[in-house]
Amino acid sequence: MGGVRIMGLYRRLARSKRGMSTIFGALFFIILILMGFNLTIWAFVQQDAYNGVISQMNQGDQQAVSENIVPQEPGTQNFTSSPAGFNIAVNNEGGTAVTILRIYITSTVGTTQCTGATAPCIAEPSPSSTGYSFTNGVVPAGVSRQLLSVSGLDISDCTTGAHYRFILASTRGRLFSLACPWESPAIVLNQASIFTLNIGPLGIFFDFNSFNFTRGAQTQSQPAWVLPSSSQWIIWMKVVNQANTPVTIAVQSGFLLQQYTGSSAHSQALFIVNSASVCPNPSGNPPSCQGISAYTHVTLPTATSSGPSPAFIIKFAANLKGGGSPAPALSGGADGTYLAFIGLFYYLNGNFQGETVPFVAVNICAAYPSSC
C-alpha cells in the first residue's frame, strides 16, 4: 500500500507542471544570487589585492625618498696596496636603514684602471664574482662615519694626481656620489624662505638682517646692502656649521668688494677680526664701544641630528691678515655697485681648506643713508 501511495504522489507531481516550474524557477533564482555574490566577493578580493600592492609601492617610494647617505670628508681613506683596498666614510642622515647594493668606480684622469673599456669597476657585497667587493654595506639610520670596506682595488694614486668618481647604489634605486680626491659640495642656494649659501661644511646667511655692518661709533649694526663711502666698516656675517665634526675658521679668511660700475674699478679687502669688535675707528669710539682687535681662531661646534650648530657672527674689518687696524675707507669717487666675495679658510678634521664664495652685491654711496 505504501508503494502505491508513493507512486501516486509521483504521478501527481509529474502532472503538476505549474508546481515544477515554480521549483525550478526558485532554484534558478538562487543560483543567480550565488553567482552575483561570488562575483562581488571576487571583485572585493581583487580590489583589496590591488590596494595592497599600491600601499606597498607607496611605502617603498617613501622609504626610497627617505634614504640620505652623505659621504664624509675625506670620503675615501685608509688606502692599502697589499691586499688592495680602501674605506669610504658615510653618514646615514635619512629616516631608514640603507643597504648598498653596488659601488661603481670610474677614473676620469691620471690612471688606466677603471677607465675606457674597463669602466666602471663594479664592487658588490662580499663574496663577489667581479673581483671587487665590499663589506659593511648596511648603513643604519642615524649612523655617523660608518666605513664601507672596499677590497680588490688600489686607488691610492688619487692622492698623487689621479681622479676617481664613485656612485653608491642602494637596493631601493637611490644613487649617492663622491670623488677621490675629496670634492667639497657645490654651492647650493636654498629655498627662498631660508636665504643661506652652503659652502663646504658651513652655511652662510644672507637674509636682510644677517648681512650687517657698523661704522664710526655705531654700536647697533645695520643691513649692509648699502654701504657709505668715506667710512671705515666692520662687516658682520652669520654662519653655522652643518658638518658632524667641529670647524675652525682660520685667520686667512677675508671679505672682498669689487666694483663693476664707474670709470675705474675700485676694490676693498677686509680681513677677519675678533668677533667682539664693534666700532672700526678707535679714535671715535664711545667708551662703551669695543674697537677692532686681532682675530683668534673660532671653532664652530658639531651639527646635531636636529640641525646645524648655533649661529655665530664672524666679522671682517682689518687691513692685514691677523691685524687689529681697520682697512682704509673708500673715497667718495668709489661710489657704485660692487660684487662681494668671501675667501673662507677653515680646518676640518685637522685638514686646512679654502673656499671662494660668491656672496652678494652691494651699493656704496656717499649720500648714505638719505638718497642711495
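The model shown is predicted, which means the values in this text are computed figures rather than measured ones.

Criteria and cut-off values
Residues numbered from 1 in each chain as written. Predicted model: local features only at pLDDT ≥ 70, side-chain atom pairs only at ≥ 80, totals over all residues. Heavy atoms only, no water. Helix = DSSP H or I, 4+ residues; strand = E, 2+ residues; numbered from the N terminus. Buried < 20%, exposed > 50% of the residue type's maximum accessible area, 1.4 Å probe, protein only. Contact = heavy atoms within 4.5 Å. Areas by Shrake-Rupley, 256 points an atom, 1.4 Å probe, with all protein chains shown as cover. Salt bridge = Lys/Arg side-chain N within 4 Å of Asp/Glu carboxyl O. Disulfide = S-S within 2.5 Å. pLDDT = per-residue confidence, 0-100. Pairing = 2+ DSSP bridges.

Draft legend 1. Structural view of the overall build of the protein chain. For the protein chain, the count of helices and strands is 2 helices and 23 strands. Looking at the protein chain as a whole, 37% of its 372 residues qualify as buried. Nonlocal contacts in the protein chain, meaning residues at least 24 apart in sequence, comprise 63% of its contacts between residues at least 6 apart. A total of about 19,500 Å² of accessible surface is found on the protein chain, and carbon and sulfur atoms cover 60% of it.

Draft legend 2. Spatial organisation of the pattern of salt bridges. Applying the stated criterion across every chain, the model contains 2 salt bridges. Across the pair E67 and R172 runs a salt bridge whose closest N-O atoms are separated by 2.8 Å. Linking E67 in the loop between helix 2 (17-66) and strand 1 (69-81) with R172 in the loop between strand 8 (163-170) and strand 9 (175-180), this pair joins segments that are 105 residues apart in sequence. We note a salt bridge from E124 to R102, for which the minimum N-O separation is 3.0 Å. Of this pair, E124 sits in strand 4 (residues 121-125) while R102 sits in strand 3 (residues 98-109); the two residues are 22 residues apart in sequence, bridging distant segments of the chain.

Draft legend 3. Inspection of the side chain of S277 at higher detail. Relative to the helices and strands, S277 resides in the loop between strand 19 (267-273) and strand 20 (298-300). Judged by its relative accessible area of 0%, S277 is buried.

Draft legend 4. How the structure looks around the state of the cysteines. Counted by the stated rule, this structure contains 2 disulfides. What pairs with C114 in a disulfide is C121, and their sulfur atoms sit 2.0 Å apart. One disulfide, between C114 and C121, carries an S-S torsion of -105 degrees and so falls in the left-handed class. This pair shows no difference in class: C114 is buried, exactly as C121 is. Here C158 connects covalently by a disulfide to C180, the sulfurs 1.8 Å from one another. Of the two residues, C158 sits in the loop between strand 7 (146-151) and strand 8 while C180 sits in strand 9, which places them 22 residues apart along the sequence. Of the two residues, C158 and C180, both sit in the buried class.

Draft legend 5. The arrangement of unusual backbone geometry in detail. Cis rather than trans, the peptide bond between E73 and P74 has omega equal to 5 degrees. Note on placement: P74 falls in strand 1. At the junction of S126 and P127, the peptide bond is cis and its omega measures out at 0 degrees in the coordinates. In this fold, P127 is placed in the loop between strand 4 and strand 5 (133-135). We note that N136 has phi near 65 degrees; this positive angle belongs to a residue other than glycine. Within the secondary structure, N136 sits in the loop between strand 5 and strand 6 (138-139).

Draft legend 6. The arrangement of the confidence of the model for the protein chain in detail. Confidence in the prediction for the protein chain averages 83 pLDDT; 85% of positions are at 70 or higher. Note that pLDDT drops below 50 for residues 186-191; the model gives that stretch 14 contacts with residues more than four away or on any other chain.

Draft legend 7. Representation of the pairing of strand 12 (residues 202-205). Neither face of strand 12 is open: one carries L202 and I204, the other G203 and F205, and all of them are buried. Note: strand 11 (residues 196-199) against strand 12, 4 bridges, orientation antiparallel. The partner of N198 across the bridge, within strand 12, is G203. The turn joining strand 11 and strand 12, which pair antiparallel and follow one another in sequence, is formed by 2 residues; a positive phi near 60 degrees is taken by G200. For strand 12 and strand 16 (residues 233-241), the ladder comprises 3 bridges, and the chain directions are antiparallel. When the sheet's bridge partners are listed, G203 is paired in strand 16 with V240.

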